[in-house]
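Each chain, written out:
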Amino acid sequence: MATAHASTDQHSRAKESVYFVGLRNAHAVETEATQLIGRQIDRIKNYPEVSQRLTQHLRETEQQIKRLEQILESHGESRSAVKDIGGMVMGNMAALGHSVAGDEILKNTFANLAFENYEIAAYTSLIALAEHFGDTRAKAMLEETLREEQAMAAWVADNVRTLTLAYLQREEAGLKSDR
Ligand SMILES: [Fe+2]
C-alpha cells in the first residue's frame, strides 16, 4: 500500500511540475506572441497580405490564451496567478526580429517561422502530457491550437520566397521596402 501511495504522489507531483509548468510557459509564450504580432501589424506599411494573416493569427492567439486559462482553471489554478508569470521565455527569439533593420519584413518573417515552430513543439509536448494525465478536454483544446500553429507556420514558410522577391522588387524599383 505504501508503494501505491508513493507512486500516486509522484504522479501528482509530476503533474504539477511538468504539465502545469508547461501550460504556464505556453501561456507566457502566447502572451509574448500577442505583443510581437501586434507590434509587426502596427509597423507594416507595404505588405498587406502579411498584415492580414498576422491579424488573423493575433485573434487566434487570443483564443489560445483563453484555452490555456480554461485548462489551468479546470485544475484550480487562478487566472491572476497565471497572468503574473513574466513573458521572458521567448526573449531570445523575440530579439531575432529587428525593427530597425532595412529588411525588417524579412527578419520578422524568419523570426515568426522560428516562433511558430517553437509553439508547435510546445503544444505537441503538452498534448502528450494531457493524454498521459487523462485530461481529455484539455487535449482536444490543445489539438485545436496546434492545428492553428501548424497552419500559421506553413503559411509563413510558404511565404518566405514570395515575400523575398516582393521585397527585392520594391528595393529595385526604389520604393519603400523595409516594412
Ligand atoms: Fe502562434
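Small disclaimer: the values here were computed from a predicted structure and weren't measured. (Residues numbered from 1 in each chain as written. Predicted model: local features only at pLDDT ≥ 70, side-chain atom pairs only at ≥ 80, totals over all residues. Heavy atoms only, no water.)

Here we come to the coordination of the iron ion. Within the protein, His 57 (NE2), Glu 116 (OE), Glu 119 (OE) and Glu 149 (OE) serve as the donor atoms for the iron ion, at 2.0 to 2.4 Å. If you look at the iron ion, its four donor atoms make angles of 75 to 163 degrees with each other, and the shape they trace is irregular. Ordering the donors of the iron ion by residue number gives the pattern H-x58-E-x2-E-x29-E. Taken together, the residues span about one helical turn, with Glu 116 and Glu 119 both in helix 5 (residues 104-132) at a distance of three residues. When its relative accessible area of 4% is taken as the criterion, Glu 116 is described as buried. Judged by relative accessible area, which is 2%, Glu 119 ranks as buried. (Donors = N, O, S within 2.8 Å, 3.2 Å for Na, K, Ca; no water. Tetrahedral: all angles 85-135°; square planar, octahedral: opposite > 155°, others 65-115°. Helix = DSSP H or I, 4+ residues; strand = E, 2+ residues; numbered from the N terminus. Buried < 20%, exposed > 50% of the residue type's maximum accessible area, 1.4 Å probe, protein only.)

Turning our eyes to something else, we now look at the pattern of salt bridges. The full count for this structure, using the stated rule, is ten salt bridges. Between Arg 53 and Glu 60 there is a salt bridge, and its shortest N-O distance comes to 4.0 Å. Judged by relative accessible area, which is 15%, Glu 60 ranks as buried. In this structure, the salt-bridge partner of Glu 62 is Arg 59, at a minimum N-O distance of 3.2 Å. (Salt bridge = Lys/Arg side-chain N within 4 Å of Asp/Glu carboxyl O.)

Once that is clear, we can look at the environment of Gly 38. Mapped onto the elements of the fold, Gly 38 is located in helix 1 (residues 2-43). Gly 38 gets classed as buried once you look at its relative accessible area, which sits at 17%. The spacing of Gly 38 and Leu 58 is 20 residues in sequence and 7.3 Å in space, taken between C-alpha atoms.

This brings us to the side chain of Glu 148. Within the secondary structure, Glu 148 is located in helix 6 (residues 136-172). Of the residues examined, Glu 148 reaches a relative accessible area of 15% and is grouped as buried. Apart from residues no more than four positions distant in its own chain, Glu 148 is found in contact with His 57, Glu 60, Gln 64 and Arg 67. (Contact = heavy atoms within 4.5 Å.)

On to the packing of aromatic side chains, then. Enumeration over the complete set of coordinates arrives at two aromatic pairs. A network of ring pairs unites the aromatic residues Tyr 19, Phe 20 and Phe 133 as a single cluster. (Phe/Tyr/Trp six-rings, centres within 6.5 Å; stacked < 30°, edge-to-face > 60°.)

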